[in-house]
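As a plain string of letters, each chain reads:
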Amino acid sequence: MASRLLKGHRFLRWVNERLPLEKAYKTHMSEYYAPRNFNFWYYFGILSMVVLFIQFVSGIWLTMQYTPDAEHAFDSIEYIMRDVSAGWFIRYMHEVGASFFFIVVYLHIFRGLLYGSYKEPRELLWLIGVAIYIVLMMEGFLGYMLPWGNMSYWGAKVVLSLIGAIPYIGESLQVWIQGDYQVSGVTLSRFFALHVTLIPILLIGLVFLHIIALHQVGSNNPEGIEIKLVKNKDGVPLDGIPFHPYYTVHDLIPIVVFLILFFGVIFYYPDGGGYFLEPPNFLPADNLSTPEHIAPVWYYTPFYAMLRAISFDFLGISAKFWGLVVMSGAIGLVAFLPWLDRSPAKSMRYKGWASRIMLALFTISFVTLGVLGAHPSDWMPFWMAPFFTLIYFAYFLGMPFYTSLENSKPVPQRISSGR
Amino acid sequence: MIDKKVNLSRRSWLIRTISALSTVGMTAWITPFVKFLAPSAKARGLGAPVEVDVSTIEEGSMKVVEWRGIPVYIIRRSRSDIASLQKYEDELKDPNSNTDQQPDYARNRTRSIKPEILVVEGVCTHLGCTPKYRSEKVDGLFTGLFCPCHGSTFDFAGRVYSNVPAPTNLRVPRHRYIDDDKLIIGSDRLVS
């Protein structure tokens, strides 16, 4: 097998002696064995890589014509939209890309919950994934401020005010982060710097680690069966197939379908019906007038609804701070899943009814909180947000109990030939 | 593990089709990224032709107008300046304007539409400095256009002398007169 791959390629052989080309190709492509039973839910990892690439390229291009300055930021966006050739296309690609990034990432995370992808031996893979999600939320937040529209301004102001809720140090910390007594041009400039340098570097570094960690432990699958436990005499998992060419070719189909949807939205619904790009953001930032109805972009709304749900002081600490605790707890708890789940099975196919019902309730509550968070707080009866927040937390905090009490089915050693 | 039943011709047909379609798709996707980098509508607007009134320029003096970020010299030559143009032609590198540095209507001895008015880009063809205009002999110095950077010299028609670093005559931009006094620089067509 020695260098059959590089036969006849003198230059590549020269490189290969100095850089582990062939080794990397084998480890990550031709001899990386993925389970043979991937389904629909396994498309969203590669799709998030596609969106990351699109965001990376369109972002670089936007930087060339954007001005990170309070006086000119809004006008420079309008300039990109009207005067720069194809500027509207690249700007909308980046803006729709942000929402699609979260769509695929949420589906990717749901896949992890559905098939127990966070369980041993994939705990670190999961933790890196949670870090990517948090960094991605920061990136989205910083980026949403840059057009300096009125929703950019007030969204940033509301989120930064949350920092002010931290006892003792909060207010001075908030001023330090803003670099001014209010959100201002200074804040805009530093958010731009972070949005285009530090956070993307972190994001790409974490994605790299995510893939390396994945290839170390191997992919989970809808059955939750460890394919590495049953290997042939050459050490190849019997239920595994080489990533290349099987899954590389296989993934082309979802990528094409995804791109059709993605560009369909760019061309026909670039503002996503007011959810991807909120109407007040078509007006310049005005520090004296809050938009009529202020809500974050849709991908933050579940957490925003939880924040609003906490309206009572507790233990002598203000509701504002508890809101922050609940919101960050809701994100932070996700990282503990590998240790909260006591079930012997990974996949919902083998877990008991309690796990399935809890996942269903969790999904319903997450979506409902998302809808609530996108609407004014008096849109629905007040009890709804606290109620669904409780269910959200019950999914995590109850997990050690319902996963160890329920009856799960025995997990077979091999992926059956049917499903 | 080679399966003899693999339909290799269909496989290569599929690979070629997918590659061809991907190339079409990538080209379509890259096109806006390339267009994005070209001058924007604003830059094109700023680069539009400019109108100049030449009636205010006195004989032997020069007016400088900015067009596309470069200085354009408009010089009203005196009778003796015009007469001097044929005197030193054997010292010039390209007296007949053979090099393509001017529109066809300026490919003549005065390198202009009207003999007395020279329209020329104030950009030295050596390394882009702006040549100085010296209309009268002072202390026996050279008259014509003189580049202070590396000493290139041009005559009153912007023609380069031999033995200087500049390789070609100064560029004459496209221009036309809309009436006796009004000049458009940057376009020589009625509709631009």
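Residue indices begin from 1 for each chain and proceed along its sequence in written order. Each chain gets a letter, beginning with A, and each ligand a number, beginning with 1, in the order they are written. In keeping with the predicted nature of the model, local features appear solely for residues at pLDDT of at least 70, side-chain atom pairs appear and are counted solely at 80 or more, and the whole-chain, interface and lining totals rest on all residues. Side-chain calculation: all heavy atoms of the structure are included, whereas hydrogens and water are not.

> Would you take a moment to explain the sheet that holds strand β1 (residues 50–53) of chain B for this structure?
The strands making up a sheet associate through backbone hydrogen bonding, with each pair oriented either parallel or antiparallel. All names here are of chain B. Note on pairing: DSSP must find at least two bridges between two strands before they are called paired. Runs of H or I in DSSP of at least four residues are treated as helices and runs of E of at least two as strands, each being numbered from the N terminus. The three strands lie next to each other as β1-β9-β8, forming an open sheet whose pairing is antiparallel. Strands at the two margins of the open sheet, each flanked by one partner only, are β1 and β8 (175–177). When strand polarity is set aside, the average angle formed by the axes of neighbouring strands in this sheet is 25 degrees. In this structure, β8 lies alongside strand β9 (residues 182–185), joined through three bridges in antiparallel fashion. The partner of His-175 across the bridge, within β9, is Ile-185. Axis definition: a line fitted to C-alpha atoms, over the contacting stretch in the case of helices. Angles run 0 to 180 degrees between N-to-C directions.

> Help me out: how do you make sense of the pattern of salt bridges in this one?
Each reported salt bridge corresponds to a side-chain nitrogen of Lys or Arg within 4 Å of a carboxyl oxygen of Asp or Glu. Under the defined criterion, the tally for this structure stands at 17 salt bridges over all chains. Its salt-bridge partner being Arg-349 of chain A, residue Glu-223 of chain A comes within 2.7 Å of it at the nearest N-O pair. Remark: Arg-349 of chain A occurs in the loop between α13 (337–340) and α14 (353–373) and Glu-223 of chain A occurs in the loop between α9 (185–217) and β2 (240–242); sequence separation between them is 126 residues. Burial status follows relative accessibility: with a 1.4 Å probe on protein chains alone, a residue under 20% of its type maximum counts as buried, one over 50% as exposed, and anything between as partly exposed. Judged by its relative accessible area of 27%, Arg-349 of chain A is partly exposed. The partner of Arg-107 of chain B in a salt bridge is Asp-100 of chain B, and the shortest N-O contact between them spans 3.5 Å. Given the relative accessible area of 58%, Asp-100 of chain B is considered exposed. One salt-bridge network, in which partners are shared between bridges, spans Glu-89, Arg-109, Asp-155 and Arg-159 of chain B.

> What is the right way to look at the nonpolar core in this model?
In a soluble, globular protein the nonpolar side chains are often hidden away together inside. All names here are of chain A. Nonpolar cores were defined as sets of buried Ala, Val, Leu, Ile, Met, Phe, Trp, Tyr and Cys residues, with membership established by side-chain atoms within 4.5 Å. In terms of nonpolar packing, the biggest core is built from 122 residues, with Met-93, Phe-262, Phe-303, Tyr-392, Tyr-395 and Phe-396 touching the most fellow members. Broken down by element, the residue count for this core peaks at 16 residues, all from helix α5 (residues 87–115). Once residues within four sequence positions are removed from consideration, Phe-303 is found in contact with Tyr-106, Tyr-133, Met-137, Met-327, Ala-330, Ile-331, Phe-366 and Tyr-392. Contacts: residue pairs with any heavy atoms within 4.5 Å of one another.

> Can you help me understand the packing of aromatic side chains in this one?
Each aromatic ring pair is characterised by the separation of its centres together with the angle its planes make. Two rings from Phe, Tyr or Trp (for Trp, the six-membered ring) form a pair when their centres sit within 6.5 Å of each other. Planes less than 30 degrees apart are called stacked, planes more than 60 degrees apart edge-to-face, and all others tilted. Enumeration according to the criterion identifies 49 aromatic pairs over all chains in this entry. The cationic tip of Lys-114 of chain B hangs over the ring face of Tyr-177 of chain B; the distance from NZ or CZ to the ring centre is 4.5 Å. Criterion for a charge above a ring: Arg CZ or Lys NZ at most 6 Å from the ring centre, at most 35 degrees from the ring normal.

> Explain a negative patch on the surface here, please?
All names here are of chain B. Exposure above 30% relative accessible area and no salt bridge define the residues that can form patches, which grow by joining like charges within 9 Å and nonpolar side chains of Val, Leu, Ile, Met, Phe, Trp and Tyr within 5 Å. Values of accessible area rely on a 1.4 Å probe in the Shrake-Rupley scheme; residue burial ignores everything except the protein chains shown. In this tally Asp and Glu are treated as negative and Lys and Arg as positive; neither His nor the chain ends contributes. Lysine's charge is taken at NZ, arginine's at CZ, aspartate's at CG and glutamate's at CD. On the surface, Glu-51, Asp-179, Asp-180 and Asp-181 cluster together to form a negatively charged patch. Within the secondary structure layout, Asp-179 lies in the loop between β8 and β9. The exposure class assigned to Asp-179 is partly exposed, which follows from its relative accessible area of 42%.

> Would you take a moment to explain the packing of α5 of chain A against α14 of chain A for this structure?
When two helices pack together, their arrangement is captured by the angle between the axes and the distance separating the axes. Residue and element names in this part refer to chain A. Close contact between α5 and α14 brings their axes to 11 Å; oriented N to C, the two are set at 160 degrees. Between α5 and α14, the crossing angle belongs to the class labelled roughly antiparallel. Here the hand of the crossing between α5 and α14 comes out right-handed. Facing Tyr-106, Phe-110, Leu-113 and Leu-114 of α5, the residues of α14 in contact are Leu-359, Phe-362, Thr-363 and Phe-366. Partitioned by chemical class, the residues of the contact of α5 with α14 number seven nonpolar, one polar and no charged. Throughout this description, any angle smaller than 35 degrees is read as roughly parallel, any larger than 145 degrees as roughly antiparallel, any in the 65 to 115 degree range as roughly perpendicular, and the remainder as oblique. Left-handed describes a crossing in which the near helix is turned anticlockwise from the far one by less than a right angle; the clockwise case is right-handed. Residue type decides the class: Asp, Glu, Lys and Arg count as charged, Ala, Val, Leu, Ile, Met, Phe, Trp, Tyr, Cys and Pro as nonpolar, and the leftover types, Gly among them, as polar.

> I would appreciate a short explanation of the packing of helix α6 (residues 123–145) of chain A against α9 of chain A in the present structure.
Residues and elements named next belong to chain A. Where α6 contacts α9, the axes come no closer than 9 Å and their chain directions differ by 160 degrees. What the angle tells us is that α6 and α9 run roughly antiparallel. Remark: the crossing between α6 and α9 carries left-handed chirality. For the contact of α6 with α9, the class distribution of residues is 23 nonpolar, five polar and one charged.

> Quick question: what am I supposed to make of the side chain of Asp-341 of chain A here?
Residues and elements named next belong to chain A. Along the polypeptide, Asp-341 turns up in the loop between α13 and α14. Owing to a relative accessible area of 5%, Asp-341 belongs among the buried residues under this scheme. Side chain to side chain, Asp-341 and Lys-351 meet in a polar contact 2.7 Å long. When sequence neighbours within four positions are dropped, the list of residues in contact with Asp-341 reads Tyr-118, Lys-119, Lys-351, Met-399 and Thr-403. The definition of a polar contact used here is a pair of N or O atoms within 3.5 Å, where within protein one atom must be able to donate a hydrogen and the other to accept one, and adjacent residues in sequence count solely through side-chain atom pairs.

> How should the domain arrangement of chain A be read in this particular structure?
A common way to express how large an interface is: the accessible area buried when the components associate. Residue and element names in this part refer to chain A. Domain limits in this description derive from either an automatic procedure or a database domain assignment. By domain assignment, chain A separates into domain 1 (1–31) and domain 2 (32–417). Each side of the interface is counted separately: domain 1 has seven residues, and domain 2 has eight residues. What counts as buried area is the accessible surface, traced by a 1.4 Å probe, that two parts surrender upon association, with contributions from both included. Together domain 1 and domain 2 conceal approximately 600 Å² of surface at their shared face, both sides included; 55% is due to carbon and sulfur atoms. Ranking the residues of domain 1 by area buried against domain 2 places His-28, Met-29 and Glu-31 at the top, with a combined share of 73%. Where domain 1 touches domain 2, the interface holds zero salt bridges. Residue composition of the side of domain 1 that touches domain 2, grouped by class: two nonpolar, three polar and two charged.

> I tried to follow the state of the cysteines on my own but got confused; where do I start?
By definition, a disulfide links the sulfur atoms of two cysteines through a covalent bond. Residue and element names in this part refer to chain B. What counts as a disulfide here is a pair of cysteine sulfur atoms lying within 2.5 Å. Summed over all chains, the structure comprises one disulfide over all chains. The side chain of Cys-129 participates in a disulfide bridge whose partner is Cys-149; the two sulfur atoms lie 2.0 Å from each other. Here the disulfide of Cys-129 and Cys-149 is left-handed, its torsion about the S-S bond being about -90 degrees. Of this pair, Cys-129 sits in the loop between β4 (117–121) and β5 (132–134) while Cys-149 sits in the loop between β6 (144–146) and β7 (153–154), placing them 20 residues apart in sequence. Residue Cys-129 is classed as partly exposed on the basis of its relative accessible area, which comes to 21%. The class for Cys-149 is partly exposed, based on a relative accessible area of 37%. Here Cys-124 stays free of any disulfide, with the sulfur of Cys-147 as its closest cysteine sulfur at 3.8 Å. Assessed through its relative accessible area of 1%, Cys-147 is described here as buried.

> I tried to follow empty space enclosed by the protein on my own but got confused; where do I start?
Residues and elements named next belong to chain A. Lining residues are those with an atom within 4 Å of a point, where the points come from a 1 Å grid over the protein atoms alone and group into cavities, where a 1.4 Å probe fits but cannot get out, or pockets, open sets with protein on both sides within 12 Å along at least five of seven lines. Grid points are joined across faces, edges and corners, and a volume is the space filled by probe spheres set on the points. Considering all chains together, one arrives at three cavities of 30 Å³ or more under this definition. Put simply, the largest cavity is a space of about 120 Å³. Elements with a contribution of two residues or more to the lining of the largest cavity: α11 (301–309) and α15 (384–397). Residue contributions to the lining of the largest cavity peak at three residues, all from α11. Here the lining of the largest cavity is composed, by residue class, of ten nonpolar, two polar and one charged. Approximately 60 Å³ is the volume attributed to the second largest cavity. Every residue along the wall of the second largest cavity is listed here: Phe-74, Ile-77, Glu-78, Arg-91, Pro-147, Leu-277, Asn-281 and Phe-282.

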